[in-house]
Structures are given as C-alpha cells and as structure tokens.
Amino acid sequence: MISIKSDYEIELMKKAGEIVGDTHKYLIPYIKPGITTKKLNDLAHNYILKRGATPSFLNLYGYPGSICVSINEEVVHGIPSNRKLKEGDIVTLDIGACYKGYHGDSAWTYPVGTISEAKKKLLKDTENSLYEGLSVIKEGTRIGDIGYAIEQYAKKHHLGVVKELVGHGVGKKVHEEPDVPNYGKPNTGPLLKAGMVIAVEPMLNMGTPDVYLLEDDWTVITADLKPAAHYEHTVLVTKEGYTILTKR
Ligand code: MG
Ligand code: MG
C-alpha cells in the first residue's frame, strides 16, 4: 500500500528533507582533492546528529556507512573508506536523515576540482533528467509517466539508464512502496495521489546501462567502467504538482 501522509507527517518530512538538503550544502566546501570519503561520511554523520536527526542509511540492511559516497564508475552504495578524492573525479553523495521517525533522501553528483567536458555534460544531463521526471508529477499521474520522461531524456542524450536500481516511496521507512523506476510506459503503474511522498532518482551512465556488484556486496559499478551520475530528490505529490522536500 502507498501511504498518504497527514499534514502532521508532512511537516516532519519537510524538516527531514530540509536537514538532508542542508547536509549537502554543508559538505560542498569539503568536496576537494585529498579528502577521504570517510571524512565526508563523518562530517555528514555529525552534522545530521547536530540537527536532531539520525543518518537513515547507517545499519540499513546492514550498510556500514552513514552516507553513500560513490566515485566515477561507482553508481551507488560506495562505502566510505580511506580512499581520497582526486582532481577530475566525480563523486555522488547519497544522504538520508530521519527526523522524529520520518525520512528524507537525496543524492547528488559533484565535480572534484576541474572535470572533463564529458563529465560536465553527464552531470548536467542527469540533473536535467531528474527535473524531466519530476515535471510530470501531480495527482493523477502514474509512476510509469515519471520513468518514461526520464528514459526519453536519457535516450536523447545517449546515456544508459540503470534498470536494476529504482526510486521509491519515502515515509516512516526510507524505502517504501511504490518502486519508481527510471524507465517505463506512459499511463502505467500506480496512480499518484496528493500526500504521497516519493524519491525520484535517475542513475545515468556515460556508456552501457549494465552494472555489476563489487565483492564488498554493496558498491555497484558500471560494467564498462565509464562514469555514472545520480541525482535524487524526495518530493511531496500535490493536487497541482509537487514540492521538493530535499531542497538545498
Ligand atoms: Mg538516496
Ligand atoms: Mg533513494
């Protein structure tokens, strides 16, 4: 069942989303060559606690980090470590926070120093694909319409759409019904209603859409080792459209 949030729940989810957005903003100045992914993780962890929330991903299904930090060909779920960011890398920070029992979830891919034109284009196109997907959201839209919009945009820009990982409902759990795939057919799938909260999160690859799971059982990488980008917002469905809860 897809939950419809009460006004009270929506207020808490707005606060959770705000904390997630602010954590991104807080980390941006630290995204520089030489910083370890563990340091970014610890900064995020402490900041989220300071804001009266807890990191959603820590121990979720046994995940060992507080946030996910994925570099270049890593699509999602990169585990924070002593690996240092390098000039020219791209890095995705996927951040979740739980405030008074409700979650917010947002991923964003950032450049480390100066990056190649090809990487710049990947970031811009993937960010745009998120807004393409969001643009169709309102009461009465179906989940397939969102995926269709993202997929069409990705195709036009010759990017691979990762099929194995999808967006999701958000609420008392980080991952709730429904699945929100980044591909689909118009007018198919669950119907959106005002008060639903979903995370839309296109993961687009510069090359093949195929991905592999590394031996750590977490990190997902592109099969051809070309870079991947990932942009995600948690949004509230309204009668007329949507409200982004994880704005920065
Ligand atoms: Mg996320
Ligand atoms: Mg998510």
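Residues numbered from 1 in each chain as written. Chains lettered and ligands numbered in written order. Predicted model: local features only at pLDDT ≥ 70, side-chain atom pairs only at ≥ 80, totals over all residues. Heavy atoms only, no water.

A. Focus on the overall build of the protein. Helix and strand counts for the protein stand at 4 helices and 15 strands. For 248 residues, the compact-globule estimate of 2.2 N^0.38 gives 18 Å, and the protein sits close to it at 17 Å. Each principal axis of the C-alpha atoms in the protein carries an extent, and together these give about 45 × 45 × 30 Å. By residue count, 57% of the 248 residues in the protein fall in the buried class. In the protein, of all internal contacts separated by at least 6 residues, the share reaching a separation of at least 24 is 70%. With an accessible surface of roughly 10,700 Å², the protein has 54% of that area assigned to carbon and sulfur atoms. Positive and negative charge centroids in the protein, built from 30 and 31 side chains respectively, lie 5 Å apart. (Helix = DSSP H or I, 4+ residues; strand = E, 2+ residues; numbered from the N terminus. Rg over C-alpha atoms; globule rule 2.2 N^0.38 Å. Buried < 20%, exposed > 50% of the residue type's maximum accessible area, 1.4 Å probe, protein only. Contact = heavy atoms within 4.5 Å. Areas by Shrake-Rupley, 256 points an atom, 1.4 Å probe, with all protein chains shown as cover. Lys, Arg positive; Asp, Glu negative; His and termini not counted. Charge placed at Lys NZ, Arg CZ, Asp CG, Glu CD.)

B. Highlighting the pairing of strand E5 (residues 102-111). Among the 10 residues in E5, 9 count as buried, and that is most of the element. In terms of strand pairing, strand E4 (residues 90-99) meets E5 through 10 bridges, oriented antiparallel. What sits directly across from tyrosine 99, in E5, is tyrosine 102. (Pairing = 2+ DSSP bridges.)

C. Highlighting the sheet that holds strand E6 (residues 160-161). Strand order in the open sheet made by the 3 strands is E6-E10-E13, with antiparallel pairing throughout. Each of the sheet's edge strands pairs with one partner strand only, and the pair in question is E6 and strand E13 (228-230). Of the strand pairs in this sheet, strand E10 (residues 203-205) and E13 are connected by 3 bridges, and their pairing is antiparallel. Across the sheet, methionine 203 pairs through a bridge with histidine 230, a residue of E13.

D. Region of interest: the coordination of the magnesium ion (ligand 2). Only Asp105 (OD), His168 (NE2), Glu201 (OE) and Glu232 (OE) from the protein reach the magnesium ion (ligand 2) as donors, at distances of 2.0 to 2.2 Å. In the primary structure, the donors to the magnesium ion (ligand 2) are separated according to the pattern D-x62-H-x32-E-x30-E. Separating the magnesium ion (ligand 2) from the magnesium ion (ligand 1) is a distance of 3.1 Å, and aspartate 105 supplies a donor atom to each of them. Of this pair, aspartate 105 sits in strand E5 while glutamate 232 sits in the loop between E13 and strand E14 (233-237), and the two are 127 residues apart along the sequence. Take aspartate 105: its relative accessible area is 1%, and that puts it in the buried class. Owing to a relative accessible area of 0%, glutamate 232 belongs among the buried residues under this scheme. (Donors = N, O, S within 2.8 Å, 3.2 Å for Na, K, Ca; no water.)

E. Representation of the pattern of salt bridges. Tallied over the full model, the rule gives 12 salt bridges. One salt bridge in this structure joins arginine 51 and aspartate 22, with 2.8 Å as the shortest N-O distance. Taken together, the residues arginine 51 in the loop between helix H2 (37-50) and strand E1 (54-55) and aspartate 22 in helix H1 (residues 7-27) connect sequence positions 29 residues apart. As a salt-bridge pair, lysine 121 and aspartate 125 come within 2.6 Å of each other at their nearest N and O atoms. Here the residue lysine 121 and the residue aspartate 125 both occupy positions in helix H3 (residues 117-135), the gap between them amounting to 4 residues, near one helical turn. (Salt bridge = Lys/Arg side-chain N within 4 Å of Asp/Glu carboxyl O.)

F. Local environment of the packing of H1 against H2. In the contact formed by H1 and H2, the axes pass within 10 Å of each other and the chain directions differ by 140 degrees. In terms of orientation, H1 and H2 fall into the oblique class. The way H1 lies across H2 gives a crossing that is right-handed. When H1 is examined against H2, the residues Ile19, Asp22, Thr23, Tyr26 and Leu27 are found in contact with a partner set consisting of Leu40, Leu43, Ala44, Tyr47 and Ile48. Taken together, the residues of the contact of H1 with H2 sort by class into 8 nonpolar, 1 polar and 1 charged. (Axes fitted to C-alpha atoms, helices over the stretch in contact; angles between N-to-C directions. Parallel < 35°, antiparallel > 145°, perpendicular 65-115°, else oblique. Left-handed = near helix turned anticlockwise from the far one by under 90°. Nonpolar A, V, L, I, M, F, W, Y, C, P; charged D, E, K, R; others polar.)

G. Seen up close, the coordination of the magnesium ion (ligand 1). Taken together, Asp94 (OD), Asp94 (OD), Asp105 (OD) and Glu232 (OE) make up the protein donors of the magnesium ion (ligand 1), found 2.0 to 2.6 Å from the metal. Summarised as a motif, the one-chain spacing of the donors to the magnesium ion (ligand 1) is D-x10-D-x126-E.

H. Main features of the environment of lysine 247. Structurally, lysine 247 can be placed in the segment after strand E15 (242-244). For lysine 247 and glutamate 215, which are 32 residues apart along the polypeptide, the C-alpha to C-alpha distance reads 34 Å.

I. Representation of the packing of H3 against helix H4 (residues 143-156) in the model. H4 packs onto H3 with a crossing angle of 150 degrees between their chain directions and a minimal axis gap of 8 Å. As judged from the angle between their axes, H3 and H4 are roughly antiparallel. Crossing geometry of H3 relative to H4 is assigned as right-handed. Contacts between H3 and H4 involve Asp125, Asn128, Ser129, Glu132 and Gly133 from the former and Ile146, Ala149, Ile150 and Tyr153 from the latter.

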